[in-house]
Amino acid sequence: MDNHTDSRGEGRSEGRRSRDGRDRSDRNRDREPAEKEFIEKLVRLNRTAKVVQGGRRFSFSALTVIGDKKGKVGYGFGKANDVSEAIRKSIDKARRNMVTLPVKNGTIPHEILGEFKSSRVLLKPACSGTGIIAGGPVRAIMEAGGVTDVLSKSLGAASQYNVVKATFDCISKMLDARQVAKNRGKSLKEMWG
């Protein structure tokens, strides 16, 4: 039975209509492109409890990474009494803290070591087809930035927040492919083939 009927005996149309007769599918279709502008990855969600007279009061903190898969990435940390509000705050902060990740042929231009407190992250360029050889936070950052081939090793403390900061330290120290070629006295075509 293809034609569904509601309690009043009227058939439902294929599009979703609200009580005032407007089609809701158009409204959602207009909103989608704005949401798909950035890839959002939740790296860590933490719950803390404060003991009060009436029991426990929970609060949440979220660490997220966003990127456009074209070389722009950012991270944010947000706290709130609600999970969705903490995630929203962290995404807003990530949008304000975007940096450029130099990507050429799907990999990074050179080997780099980044540090934050006792966490260190080593990133190495990889040939095409290698994939992202990285764990947790580093993988999320590389995928969001549009890197398809990279080798990485996380050294020292494994705190996800510190690993994210160390990875962004790597990104801030990275030279652009043109700058590396110029320093070596070669053309960009000789470097990347």
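Please refer to the structure placed before this passage.
Residues numbered from 1 in each chain as written. Predicted model: local features only at pLDDT ≥ 70, side-chain atom pairs only at ≥ 80, totals over all residues. Heavy atoms only, no water.

## Structural notes on unusual backbone geometry
And step 1. A positive phi angle is found at Asn105, which is not glycine, with a value near 55 degrees.
And step 2. Notably, Lys117 is not glycine yet its phi reads approximately 50 degrees, a positive angle.
And step 3. Mapped onto the elements of the fold, Lys117 is located in the loop between β5 (112-116) and β6 (119-125).
And step 4. Of the residues examined, Lys117 reaches a relative accessible area of 70% and is grouped as exposed. (Helix = DSSP H or I, 4+ residues; strand = E, 2+ residues; numbered from the N terminus. Buried < 20%, exposed > 50% of the residue type's maximum accessible area, 1.4 Å probe, protein only.)

## Brief notes about the nonpolar core
And step 1. Leu123 and Met142 are the most contacted members of the largest nonpolar core, which has 26 residues in total.
And step 2. Counting only elements with at least two residues in this core, the list comes to β2 (55-67), β3 (72-80), β6, α3 (136-145) and α4 (160-173).
And step 3. The biggest single contributor to this core is α4, with six residues.
And step 4. What Met142 contacts, discounting residues up to four positions off in sequence, is Leu123, Ile132, Val147, Val150 and Thr167.
And step 5. Ranked by size, the runner-up nonpolar core spans five residues in total, among them Ile66, Ile91, Ala94 and Met98. (Core = buried A, V, L, I, M, F, W, Y, C linked by side-chain atoms within 4.5 Å. Contact = heavy atoms within 4.5 Å.)

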